[in-house]
Amino acid sequence: MNLRSLSGSGAQKPLAVVKQGSPALDVTRVRADFPILQQEVHGKPLVYLDNAATSQKPQRVIEALTHYYTHDNSNIHRGVHLLSERATAAFEGARDKVQRFLNAADRREIVFVRGATEGINLVAQSYARPRLAAGDEILITAMEHHSNIVPWQMLCEQTGAVLKVAPINDAGEVELEEFCRLLGPRTKLVSVVHVSNALGTINPVRDMIRAAHDIGVPVLLDGAQAAPHTAVDVRELDCEFYVLSGHKLYAPTGIGALYGKAELLEAMPPYQGGGDMIRLVTFEHTEYNSLPYKFEAGTPHIAGVIGLGAAIDYVSELGMDAIATHEDALLRYATAAAADIPGIRLVGTARDKAGILSFLLGRVHPHDIGTILDHEGIAIRTGHHCAMPVMQRFNIPATARASFALYNNEDDVDRLIAALHKVIEVFG
Ligand code: 7TS
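Residues numbered from 1 in each chain as written. Predicted model: local features only at pLDDT ≥ 70, side-chain atom pairs only at ≥ 80, totals over all residues. Heavy atoms only, no water.

### Digging into the domain arrangement of the chain
Stage number 1. Examined at the domain level, the chain breaks down into domain 1 (14-45 + 319-423) and domain 2 (60-316).
Stage number 2. On a C-alpha basis, the centres of domain 1 and domain 2 stand 27 Å from each other.
Stage number 3. Taken together, the 37 residues of domain 1 in the interface contact 32 residues of domain 2.
Stage number 4. In total, about 2,800 Å² of surface goes out of reach between domain 1 and domain 2, with carbon and sulfur atoms giving 59% of it.
Stage number 5. At the junction of domain 1 with domain 2, the criterion picks out 19 residue pairs in polar contact (both at pLDDT 80 or more).
Stage number 6. Listing elements by their share of the side of domain 1 that touches domain 2, those giving two or more residues are α11 (320-338), β14 (356-361) and α13 (388-394).
Stage number 7. Counting residues per element, the side of domain 1 that touches domain 2 draws most heavily on α13, which supplies six residues. (Domains from an automatic or database assignment. Contact = heavy atoms within 4.5 Å. Buried area = accessible area lost by both parts, 1.4 Å probe. Polar contact = N/O pair within 3.5 Å; in protein donor to acceptor, adjacent residues only side chain to side chain. Helix = DSSP H or I, 4+ residues; strand = E, 2+ residues; numbered from the N terminus.)

### Some words on the site of the ligand
Stage number 1. Of all residues adjacent to the ligand, which total 17 residues, the nearest are Thr117, Asp222, Ser245, Arg381 and Arg401.
Stage number 2. Contact between the ligand and Thr117: an oxygen atom at 2.5 Å from a side-chain N or O atom of the residue.
Stage number 3. Within the side chain of Ser245, a nitrogen or oxygen atom sits 2.6 Å from an oxygen atom of the ligand.
Stage number 4. When the residues that make up the shell around the ligand are grouped by side-chain class, the tally is five nonpolar, eight polar and four charged. (Near = heavy atom within 4 Å. Nonpolar A, V, L, I, M, F, W, Y, C, P; charged D, E, K, R; others polar.)

### Section: the sheet that holds strand β10 (residues 256-260)
Stage number 1. With mixed pairing, seven strands are arranged side by side in an open sheet as β4-β10-β9-β8-β7-β5-β6. If you trace the sheet from one side to the other, it starts and ends with β4 (110-113) and β6 (162-166), each paired once. Looking at each pair of strands side by side, their axes are set apart by 20° on average, direction ignored.
Stage number 2. Across three bridges, the pairing between strand β8 (residues 219-222) and strand β9 (residues 241-245) is parallel. Bridge pairing in β9 links Asp222 to Val243. (Pairing = 2+ DSSP bridges. Axes fitted to C-alpha atoms, helices over the stretch in contact; angles between N-to-C directions.)

### What to know about the environment of Ile417
Stage number 1. On the secondary structure map, Ile417 appears in helix α14 (residues 410-427).
Stage number 2. Taking the C-alpha atoms as reference points, Ile417 and Ala338, 79 residues apart in sequence, are found 6.8 Å from one another.

### Structural notes on the nonpolar core
Nonpolar side chains in soluble globular proteins generally cluster together in the buried interior.
Stage number 1. Grouped together as the largest cluster of nonpolar side chains are 86 residues, with contacts concentrated most on Leu102, Phe179, Tyr242 and Leu406.
Stage number 2. No other element matches helix α10 (residues 302-318), which puts eleven residues into this core.
Stage number 3. When we break this core down by domain, the ones giving at least three residues each are domain 1 (14-45 + 319-423) and domain 2 (60-316).
Stage number 4. Core analysis: the next-biggest nonpolar cluster, separate from the first, contains 28 residues, Val113, Ala161, Leu220 and Ala224 among them. (Core = buried A, V, L, I, M, F, W, Y, C linked by side-chain atoms within 4.5 Å. Buried < 20%, exposed > 50% of the residue type's maximum accessible area, 1.4 Å probe, protein only.)

### Thoughts on the pairing of β4
Stage number 1. Residues Ile110 and Phe112 point to one face of β4 and Val111 and Val113 to the other, with burial holding for every one of them.
Stage number 2. Note: β4 against β10, four bridges, orientation antiparallel. When the sheet's bridge partners are listed, Phe112 is paired in β10 with Ala257.

### Focus on the sheet that holds β14
Stage number 1. Sheet architecture is open: four strands sit in the order β13-β14-β17-β16, paired in antiparallel fashion. Either end of the sheet is taken by a strand with one partner, and the two such strands are β13 (344-346) and β16 (381-383). On average, each strand axis in the sheet is tilted by 30° relative to the strand beside it, whichever way the strands run.
Stage number 2. Bridging between β16 and strand β17 (residues 399-403) involves three bridges; their strand directions are antiparallel. Opposite Arg381, over in β17, you have Arg401 as the bridge partner.
Stage number 3. Here helix α12 (residues 366-375) sits on the sheet and contacts β14, β16 and β17; the angle it forms with β16, its principal contact strand, is near 160°.

Written out as structure tokens, the structure reads:
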């Protein structure tokens with residue numbers, strides 16, 4: 001496999017395609033929608049820059065949860081009573097919202113899961129496991145979150161398959177030629193992150209998908225960090241699977257979605273057995289339910305799904321293009337401001353980057369940076385970001401990471417930069 005088939009694709013299409021005339025984000029108004037942002041931390045107004053770990057929830061989502069528990073709480077798909085009908089309608093309505101959000105062709109292609117992690121494990125066990133023989137290969141990249149590494153390692157232990165890893169360069173970009181070289185007759189699945197949580201890199205997923213499809217290999221995209229920040233169109237991407245986590249998309253924790261092409265999901269065995277995923281059960285034989293219920297065993301996170309639907313309504317009304325444009329501008333502003341900080345080293349300087357600023361500051365340990373920032377009212381994450389191989393690639397133990405969401409503004413960045421100057425003062 002070489003890059004020939006990629007020629008003509010031109011430059012990587014930016015993640016954020018700004019539609020002409022898309023209205024700009026009114027961040028002052030948006031901030032008022034998030035009650036949690038209105039507080040002080042250690043006597044300072046909160047600056048929340050840990051959005052890649054989890055984002056905050058707008059009043060709209062909080063109210064959807066309250067409304068559900070106040071008026072409609074009931075189990076779904078089984079009740080003949082009104083509450084159950086209302087809960088079922090809200091739950092299935094949210095599936096339609098996720099379908100539209102991802103532009104999936106069919107609502108049956110949306111499976112509710114706990115999050116990106118469970119979505120990847122589902123594909124590993126239900127799609128890949130029955131298809132793998134010893135010596136077959138799964139291809140990932142060197143910038144994956146642990147949840148897109150460990151499920152494949154477990155699968156390799158179970159089947160004798162081999163995990164292949166496409167390297168990344170010093171900027172934190174995948175080496176596309178190497179990626180293509182690693183695609184071969186034994187490759188059975190490619191699973192790559194759409195946007196890296198540790199580096200902010202936006203992967204050239206269209207090129208990667210095209211290269212994989214050229215030799216008939218299906219592709220899973222880990223969209224945990226992409227779906228909150230840009231419009232995702234699974235039909236245009238033509239990926240076989242896409243996973244997202246609700247809690248990074250302004251929805252509750254414990255809920256996410258797996259998109260899968262219907263013909264693949266149809267052919268896959270259930271992931272778990274239990275209630276709701278069956279059509280008929282006898283002790284001799286069980287008939288499984290149709291899509292997507294075949295993959296939704298047991299009582300689901302009904303409130304979480306409804307909250308996810310409300311979060312999708314919220315971001316869709318603001319406009320994913322407006323959100324992407326705002327966060328892109330903020331990243332540029334922060335990157336330019338950071339350049340003036342003595343001793344700063346950005347980890348992750350890809351040409352195509354989403355709103356994540358991972359950095360080191362001289363010899364100061366990232367945890368010390370995080371602690372000082374916390375006392376300034378600023379929440380960031382420090383550590384390996386569940387991407388230890390990324391730290392190994394850059395030969396560092398950890399980074400400090402500021403990650404942006406739609407409600408962050410230039411004041412937040414200014415506060416961050418001022419606090420980093422304070423870190424330098426303290427540590428000399
Ligand atoms: N994939 C990526 C790219 C992620 O960033 C994360 C979580 C996951 C998968 C797993 O998502 P979950 O919702 O199933 O746990 N990333 C982070 C992070 O960067 N800091 O905390 C969690």
